[in-house]
Each structure stands twice: as C-alpha cells, then as structure tokens.
Amino acid sequence: MPPGWSSHDLREAWEVPRDLLLGRYPAFVTGGALAAGEVPVFVFHGVEPDAFARKLEHLARNGYRTLSIDEYVGVLRGSTPAPLRAVLLTFDDGRGSVWSVAAPLLKRHGMHAVVFLVPGRVREQAPGPTWDDVSAGLADRTAVLARERGDGALMSWPEIEALARGGLFDFQSHTLLHSRIHGAPVVAGFVTPESQRGYAAFDQPLVRAGERDLIGAEVPLGTPLLRSSPRTSDALRFFEQDALRDACTAAVADAGGEAFFRRPDWQPRLRQRLRGVRVRGRLETKQEQADAIRRELVDARRAIEARVGRPAVHLCYPWHAAGAAARALAAEAGYQTAFCGKVTGVPITPPGGDLRAIARLGEDYLELLPGAGRTTLASVLRRKWSRRFASARE
C-alpha cells in the first residue's frame, strides 16, 4: 500500500479498473460514442475554478446542453425527446463553492444544474464573495478558495434563495440531515474538533440527548462514536446509554477541551477510560426506524420548498444508501425520483428507466464526452490518483 494511504484509498484506486471489467461505465468513458437518447448525469461536490471551468468549456465547445431537472425527468418519462448531446449536472450537499465558484461560471455559459440540499444543516449567513468578485478585484482569491474550510462549508439560505431566483439552479433534497446512526455497540472513534466541522460532521453519527439528536459541534468533545451506517440504509439504530460518554467527555473538558486533541496520545487516553466498560443500550424498533426516516424525507421537502418556493420532489440518497424502508417511505413522501451512484447493469439511465434508481457518474468523466479536446481515461485516472497521493501527504 502506498505510504499514507488507507484501505479506503486503496479500494477507491482500484474502483475504476474493477468497474471497467464489470461493464459499469458507459461506452464514452473508454473512447466510444454517446448513443442517441443517452443523457449522462454527473455528480459534483465542491469545485475549484480551473478544473470546473475546464469542464464547462468542454461542454460549451462541443455543443452540449445542460438540462433542468424538469427537462431531464421529461426525457426519462418519454414525454420529451432527448436533445442531442444533453447532460444533467448535479451537486450533492449544497457546498459553499457552489455559490462562490460554480454559480458564476455556470452563469457565464448559461448552463443549468441541480443541487441536492441538506436543509437541516444550512445556516442563516449573508452571501459571501464569489469568483466574479475576485475577477473584478473586489475579493481576495485565497479567501474565496478557502470558503469551504470554515463556517462556509455549506451555502447559506440567502445564497440558496438568490440562486433559486436566478433560474439556473434547481434545489432538491439530500434528506434533512444527511445523517449516520450508531448501529452496533462497538466504539469506532471519538468526537474531535475536526469531526464537528464542515463535511466531516456528515460522518459523525447522530448522538441522542434526551428527546433530540445532536449534530456537529452540538456533540461534546470526546463523546465515543460507535460503528455506524447511513440513516437511509436498512440498519437499525443502536441507542447507547448516556453513561458511556461521561468519563470521556469529562476527561476532555478537564484537559482544556480542544487542547486535549493536540496531545499525541489523546486517543489511547480516551480508550483507557473505556477499558472494561460494556457498551449498553438498545436497538430501535422498526416503527422508530420508519418514523425517523420519514422525518428525514418529509421535513427536508418542507424546508426546501418553504425557502425556494418550488416543489422539492427529487431525492438523492446520502452515500447512495437506499434501504427498503427508505425507498418505500420516499414514495410515500411524494418524491418522484431518486438519484443514486452507479447502478448495476445501467451505466446511463435510459428513457423509460427506473426513476427511483437514476445512475450517475463522477465529475472526472465529463471531459471524456465525445468532442474536440476530449481527454483520455488514462489522464483522468492519473489526476484522480495524484489527488489521492497529495491528500495522503497532507
């Protein structure tokens, strides 16, 4: 294994070769054509100016049309013919760079995109500077590029509302909290300053306090985190007893809070606090599971619709985890479609395909679309792996 890599990194590095062998990519990824009627869906998260501009220029140079969500769903339902060279651009999470970088660049080209929001984590903050402000000399480049490292990890409601009024973005649901839940009485880690912030908070499981769930910085530092699963998976939630947390959170508080995590031995010290402690608790009932998933789906729709003034009837499952209960409840909640990642046997969802399992491709493959300046899969893989090496060295 390369130095600094985790087993997760290694799995990701082999993902593309494996999926190529299994036929999980459309023909254009390996140099083939984009068949008539095919509308590939690409997924982005955060973006940076140079790479995103290059992707949009590839689309514009080669006459690709970016569809709105209504146009795309019309194609899948067969009520609208698929335009030649059409694509759908989707953004998961509603990250801050959608406002600061993606929106100005999309506007220059008159292109559309769909953003799947996590409304339960969106804040009320004044709109921040954008890449247009940098170009005009009105904002610092470094500050705009660093947008997602602090409190601006996600767009604010005023930013979302402004983009909704502009007409180039559709805002849909990525569930209310994009949450994970404890699933087994096995300690997997602890709440740290890093786990409380930005996107890392999505991976920090919910912690129950009384009758409510705590997220992000609401959870006391040092709280033990158990083995977890996405809320929309079929896993039942394990509710641990509060007493499990007390010794660890007290140790962190007594040692200065965040300062405790600057100690090289912070994790063994917390593990020592739990030595011999049995993790006690209970699994939720099926009814409790259904009620919790229903809230994630229904409350997300209500929150988004109240702020953007348009129906939020399209869903993207967090981590592409869609258990049987979540699928049934999504239909009950009025969602008309569900977006996933790779879908077995369906590289691109065709007209007449399953609206509740729409296949998507990673953003890296956009520049493999047929046309002038088309790159190669080898180049895409080199970029992906060089980013992975750079991340491992940080």
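Residues numbered from 1 in each chain as written. Predicted model: local features only at pLDDT ≥ 70, side-chain atom pairs only at ≥ 80, totals over all residues. Heavy atoms only, no water.

Colleague: An account of the nonpolar core is requested, with residue identities and associated values reported.
Modeller: Ranked by size, the top nonpolar core spans 46 residues in total, and within it F42, L89, F91, L106, F169 and F171 carry the most contacts. Sorting elements by how many residues they give to this core places helix α4 (residues 96–109) first, with 7 residues. If we skip the residues at most four places from it in the chain, F42 touches F28, V87, L88, L89, T90, L361, G362, Y365, L366 and L369. Within the second largest apolar cluster, 21 residues are counted, among which are I181, L297, A330 and A338. (Core = buried A, V, L, I, M, F, W, Y, C linked by side-chain atoms within 4.5 Å. Buried < 20%, exposed > 50% of the residue type's maximum accessible area, 1.4 Å probe, protein only. Helix = DSSP H or I, 4+ residues; strand = E, 2+ residues; numbered from the N terminus. Contact = heavy atoms within 4.5 Å.)

Colleague: So, the pattern of salt bridges: which residues are in play, and what are the values?
Modeller: One pass over the structure, following the stated rule, counts 26 salt bridges. Salt-bridge contacts for E332 lead to R294; the nearest nitrogen and oxygen are separated by 2.8 Å. Here E332 is found in helix α12 (residues 324–332), whereas its partner R294 is found in helix α11 (residues 286–308), with 38 residues between them in sequence. The class of R294 is partly exposed, set by a relative accessible area of 27%. In this structure, a network of salt bridges that share partners links the residues R54, K55, E363, E367 and R383. (Salt bridge = Lys/Arg side-chain N within 4 Å of Asp/Glu carboxyl O.)

Colleague: A description of the packing of helix α7 (residues 157–166) against α11 should follow, citing residues and the corresponding values.
Modeller: As a packed pair, α7 and α11 sit with axes 9 Å apart at the nearest point and diverge in direction by 65°. Across from W157, I160, E161 and A164 in α7, the residues of α11 making contact are A303, I304, R307 and V308. Of the residues assigned to the contact of α7 with α11, the class counts are 6 nonpolar, no polar and 2 charged. (Axes fitted to C-alpha atoms, helices over the stretch in contact; angles between N-to-C directions. Nonpolar A, V, L, I, M, F, W, Y, C, P; charged D, E, K, R; others polar.)

Colleague: Give me α12: which residues, what numbers.
Modeller: Looking only at α12, the buried set comprises A326, L329 and A330. Down the axis of α12, the buried side of the element spans an arc of 105°, and every buried residue falls inside it. α12 presents A328 and E332 as exposed residues on the side facing more than 90 degrees away from its buried surface. Count one or two residues on from α12 and you reach G334, which has phi positive near 95°. (Arc of directions from axis to C-beta.)

Colleague: For the pairing of strand β4 (residues 113–117), give the residues involved together with the corresponding values.
Modeller: Of all 5 residues in β4, 5 are buried; the element is thus mostly enclosed. Going residue by residue along β4, you find A113, V115 and L117 tucked away on one face and V114 and F116 tucked away on the opposite face as well. As paired strands, strand β3 (residues 86–93) and β4 are joined by 4 bridges and run parallel to one another. Considered in β4, the bridge of D92 is made with F116. Direction of pairing for β4 relative to strand β5 (residues 169–173): parallel, over a ladder of 5 bridges. Within β5, the position partnered with V114 by the bridge is D170. (Pairing = 2+ DSSP bridges.)

Colleague: Give a detailed account of the packing of aromatic side chains, specifying residues and quantitative values.
Modeller: Under the definition given, this model contains 11 aromatic pairs. Ring plane angle 55° and centroid distance 5.2 Å describe the contact between Y25 and Y365, whose orientation is recorded as tilted. With a gap of 340 residues between them, Y25 in the loop between α1 (7–21) and β1 (41–44) and Y365 in the loop between β14 (361–362) and α13 (377–393) connect regions that are remote in the sequence. With respect to class, Y25 is no different from Y365; both count as buried. With a centroid separation of 6.4 Å and 65° between ring planes, the pair formed by F28 and F42 is classed as edge-to-face. With F28 in the loop between α1 and β1 and F42 in strand β1, the pair connects residues that are 14 residues apart, well separated along the chain. Comparing F28 with F42 shows no difference in burial state: the two are buried. (Phe/Tyr/Trp six-rings, centres within 6.5 Å; stacked < 30°, edge-to-face > 60°.)

Colleague: With reference to specific residues and values, describe the state of the cysteines.
Modeller: Throughout the structure, instances matching the rule amount to 0 disulfides. Summary of cysteine pairing: C340 is not part of a disulfide, and the nearest cysteine sulfur, belonging to C316, is at 7.6 Å. Residue C340 is classed as buried on the basis of its relative accessible area of 11%. (Disulfide = S-S within 2.5 Å.)

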